[in-house]
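Structural characterization, general
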Amino acid sequence: MNPELIIVTPEHRPHIALIQINRPKELNALNLQVMGEIRDALKELDANENVRVIVLTGNERAFAAGADIKQMAGKDAVDMLLIDQFSTWDQIRKTKKPIIAAVSGFALGGGCELCMTCDMIVASETAQFGQPEIKIGVMPGAGGTQRLPRAIGKAKAMELVLTGKFMSATDAYNAGLVNRVVPPDSYLEEALRLAAEIAQQSPIAVQLAKESVLKAFEMPLQEALSFERKNFYMLFATQDQKEGMAAFVEKRKPEFKGR
Ligand code: HXC
């Protein structure tokens, strides 16, 4: 792997990988290369046994200001269909390990969709979320019309999607889009702290729990409950379950091995 538009640090902290989108002059606009590099990095990190949690970030000014408008401007519908950029997004969504977006500045269009594709969002007070595609004659295409209403409700999502206006970090927090809002100098640290809390847990339990929570948005309740139950039973086949419960009984800290 030799990415040019992202910086990948597999062991940024113990068990925590960091991916930084690095196209600062273009406000981290997500061209096809950036998205391909993110997809490839996530695939590698997902397969790396030392990595338990992934933090995805941009820079202070922008997490990402959207898909690359200049790259899309001249395309027609058939070009877009043949480029099939959304298969990249589908692969990103298949990442088994939790991904935390650490967001400062603009998270717009595809940038907002990318952080909603992550599992949690830690925002700087400067973060601004929005789906401004309507202002350039299109609409969200990477999940914005689906994940945003699930996160913040129909009324607020409809307003953002139809007006293109931005939502502040505090409003996003109050609406349930982000996990926490912190001062601009600590958003990455806070995301890494949250990642470290998750990295202490059994990585297999974390992965199956993530998979189960996501089913809440994809399956009817009865099927999803049955899916949850099977994942729950499966964890009793792990050494980590024995270790976790023995440690509780013995009043000590568990040492999870991911086995
Ligand atoms: C390409 C972009 C870009 C984008 C910013 N830039 N956003 N280039 N695609 N999405 C470039 C600008 O052209 C400019 O390049 C440089 O980054 C700095 O941006 P400015 O506009 O000069 O900065 P500022 O005045 O601070 O305004 C910031 C901004 C504005 C409000 C974020 O850039 C903006 O509105 N950007 C577009 C936001 C947007 O519409 N996003 C949705 C895209 S569609 P130069 O060379 O001039 O210095 C989308 C669809 C997703 O995301 C569908 C599936 C993937």
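Figured I'd write up the structure that's included with this text. Every residue gets a number counted from 1 within its own chain, in the order that chain's sequence is written. Local features are withheld for residues below a pLDDT of 70 in this predicted model, meaning they are given only at 70 or higher, and side-chain atom pairs are given and counted only at 80 or more; totals for whole chains, interfaces and linings count all residues. Here the side-chain values reflect all heavy atoms present in the structure, with hydrogen atoms and water set aside.

**Quick look at the overall build of the protein chain**
Strands here mean DSSP runs of E at least two residues long; helices mean DSSP runs of H or I at least four residues long; both are numbered from the N terminus. Helix and strand content of the protein chain: 12 helices and 10 strands. Values of the radius of gyration come from C-alpha atoms, whereas the globule rule sets the reference at 2.2 Å times the count of residues to the power 0.38. Rg of the C-alpha trace for the protein chain: 19 Å, near the compact-globule value of 18 Å for 259 residues, within the 12% margin. Projected onto the principal axes, the alpha-carbon positions of the protein chain cover approximately 60 × 40 × 40 Å. Type-normalised accessible area, obtained with a 1.4 Å probe on protein chains alone, sets the label of each residue: buried when under 20%, exposed when over 50%, and partly exposed for intermediate values. Burial statistics for the protein chain: of 259 residues in total, 45% are counted as buried. Sequence-distant contacts, at least 24 apart, represent 67% of the contacts inside the protein chain between residues at least 6 apart. Each accessible area is a Shrake-Rupley result for a 1.4 Å probe, and residues are judged covered by the shown protein chains and nothing else. Counting every atom, the protein chain has about 13,800 Å² of accessible surface; 57% of that belongs to carbon and sulfur. A positive count includes Lys and Arg, and a negative count includes Asp and Glu. His and the chain ends are not counted in either. Where a charge sits is defined by one atom per residue type, namely NZ (Lys), CZ (Arg), CG (Asp) or CD (Glu). Positive and negative side-chain charges in the protein chain, numbering 31 and 32 respectively, have mean positions lying 4 Å apart. Note on definitions: a residue-residue contact is assigned when non-hydrogen atoms from the two residues lie within 4.5 Å.

**Re the sheet that holds strand β7 (residues 120-124)**
Pairing between strands requires that DSSP locate at least two bridges from one strand to the other. Strand order in the open sheet formed by 6 strands is β1-β2-β3-β5-β7-β10, and the pairing between neighbours is mixed. The open sheet terminates on both sides in strands that have one partner only, identified here as β1 (6-13) and β10 (180-182). Neighbouring strand axes in the sheet, compared pairwise and without regard to direction, differ in orientation by 20° on average. In the sheet, strand β2 (residues 16-21) pairs with strand β3 (residues 53-57) via 5 bridges, with the strands oriented parallel. Along β3, the bridge assignment pairs Gln20 with Thr57. In the packing of helix α1 (residues 32-47) onto the sheet, the strands contacted are β1, β2, β3 and β5 (99-103), and the crossing angle to β1 comes to about 25°. Structural elements are reduced to axes, namely lines fitted to C-alpha atoms, with helices fitted over the stretch in contact, and the angle between N-to-C directions of any two is expressed from 0 to 180 degrees.

**Quick word on the pairing of β3**
Here β3 lies mainly inside the structure; 5 of its 5 residues are buried. Here β3 shows two buried faces, one formed by Val53, Val55 and Thr57 and the other by Ile54 and Leu56. Orient the strands so they point away from the viewer, and a crossover whose first-strand-to-second-strand path over the helix runs clockwise is right-handed. The handedness of the β2 to β3 crossover, carried by α1, is right-handed. Relative to β5, β3 runs parallel, the two sharing 4 bridges. By the bridge assignment, Ile54 is partnered in β5 with Ile99.

**Focus: empty space enclosed by the protein**
Here the term cavity refers to a set of points on a 1 Å grid, laid over the protein atoms alone, in which a 1.4 Å probe fits but cannot get out; the term pocket refers to an open set having protein on both sides within 12 Å along at least five of seven lines, with lining residues being those that place an atom within 4 Å of a point. Grid points are joined across faces, edges and corners, and a volume is the space filled by probe spheres set on the points. Taken as a whole and judged by the stated rule, the model has 1 cavity of 30 Å³ or more. Computed from the structure, the largest cavity encloses a volume of approximately 100 Å³. Lining the largest cavity we find Leu30, Asn31, Leu32, Ala67, Asp68, Gln71, Met72, Lys75, Met80, Ile83 and Gln85. Of all the elements in the fold, those that place two or more residues in the lining of the largest cavity are α2 (69-72) and α3 (77-83).

**Topic: the nonpolar core**
Of all hydrophobic cores here, the largest spans 45 residues; its most connected members are Ile38, Phe63, Val103, Leu114, Phe129 and Leu177. The biggest single contributor to this core is α1, with 6 residues. Nonpolar cores were defined as sets of buried Ala, Val, Leu, Ile, Met, Phe, Trp, Tyr and Cys residues, with membership established by side-chain atoms within 4.5 Å. Within the second largest apolar cluster, 17 residues are counted, among which are Ile16, Ala102, Leu192 and Ala195.

**Section: the sheet that holds strand β6 (residues 106-108)**
The mixed open sheet is built from 4 strands, whose spatial order is β4-β6-β8-β9. A single partner strand is all that each edge strand has here, and the edge strands are β4 (62-64) and β9 (167-168). Strand direction decides the pairing type here: β6 and strand β8 (residues 128-130), joined by 3 bridges, are parallel. Across the sheet, residue Ala107 finds its bridge partner in β8, namely Phe129. Against the sheet, helix α5 (residues 110-117) makes contact with β4, β6 and β8, and its axis sits at roughly 90° relative to β6, the strand it touches most.

**Describing the pattern of salt bridges**
The term salt bridge refers to a side-chain nitrogen of Lys or Arg lying within 4 Å of a carboxyl oxygen of Asp or Glu. A full pass over the atoms with the stated rule returns 14 salt bridges. The salt bridge involving Glu218 is made with Lys215; its shortest N-O contact spans 3.6 Å. Under the relative-accessibility criterion, Glu218 is labelled exposed at 55%. What makes Lys215 buried here is its relative accessible area of 19%. Between Arg252 and Glu250 there is a salt bridge, and its shortest N-O distance comes to 2.7 Å. Through salt bridges with shared partners, one network takes in Arg180, Glu190, Arg193 and Glu197.

**Description of the site of the ligand**
Residues are counted as near a molecule or strand when any one of their heavy atoms sits within 4 Å of it. The ligand sits among 25 residues. The nearest are Arg61, Ala67, Ile69, Lys70 and Gly110. N or O atoms closer than or at 3.5 Å make up a polar contact, with two conditions inside protein: a donor-capable atom paired with an acceptor-capable one, and, for residues adjacent in sequence, both atoms drawn from side chains. Backbone polar atom of Ala65 to a nitrogen atom of the ligand: 3.0 Å apart, as the coordinates give it. At a separation of 2.8 Å, an oxygen atom of the ligand approaches a polar backbone atom of Gly110. Relative to its free-state accessible area of 1,000 Å², the ligand is covered by the protein chains to the extent of 66%. When residues of the shell around the ligand are traced back to their parent elements, those giving at least two are α2, α4 (86-93), β6 and α5. Considering every element that reaches the shell around the ligand, the biggest residue donor is α2, with 3 residues.

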